[in-house]
Amino acid sequence: MDLIIAFALIVQLSPDSEEQVASHWINKKLCLVEARSLSSREENYRPVLAFCKPLFVDPKKNKIIGFAPQT
């Protein structure tokens, strides 16, 4: 199992709710753009907390946006 460092987009529907991984990104800046977009959407029924954090991820088991596996 070859793990790589990717950035998990974490979403919480309330500050005391459990963190949920919405997606994985290879590019930190793009992950942060998506997190900011989710946090600031006016059509949300309630505030959403979204942020990115680095994690070790298995690219064979998880889709990582922006990651092209080496052959």
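Read on for a plain summary of the structure. (Residues numbered from 1 in each chain as written. Predicted model: local features only at pLDDT ≥ 70, side-chain atom pairs only at ≥ 80, totals over all residues. Heavy atoms only, no water.)

**Side note on the pairing of strand β2 (residues 20-25)**
Line of reasoning, step 1. Judged from the 5 bridges that link them, strand β1 (residues 4-12) and β2 form a sheet pairing that is antiparallel. Paired with Val 11 across the bridge in β2 is Gln 20.
Line of reasoning, step 2. As defined by bridge partners, β2 adjoins strand β4 (residues 64-65) across 2 bridges and the pair is classed as parallel. Looking at β4, one finds that Trp 25 is bridged to Ile 65. (Pairing = 2+ DSSP bridges. Helix = DSSP H or I, 4+ residues; strand = E, 2+ residues; numbered from the N terminus.)

**Overview of the pairing of β1**
Line of reasoning, step 1. Summarising burial for β1: 7 of the 9 residues are buried, a large majority.
Line of reasoning, step 2. Two elements, β1 and strand β3 (residues 49-57), share 9 bridges in a ladder whose sense is antiparallel. Directly across from Leu 9, in β3, lies its bridge partner Cys 52. (Buried < 20%, exposed > 50% of the residue type's maximum accessible area, 1.4 Å probe, protein only.)

Treat this as a map of the structure, not an account of what it does.
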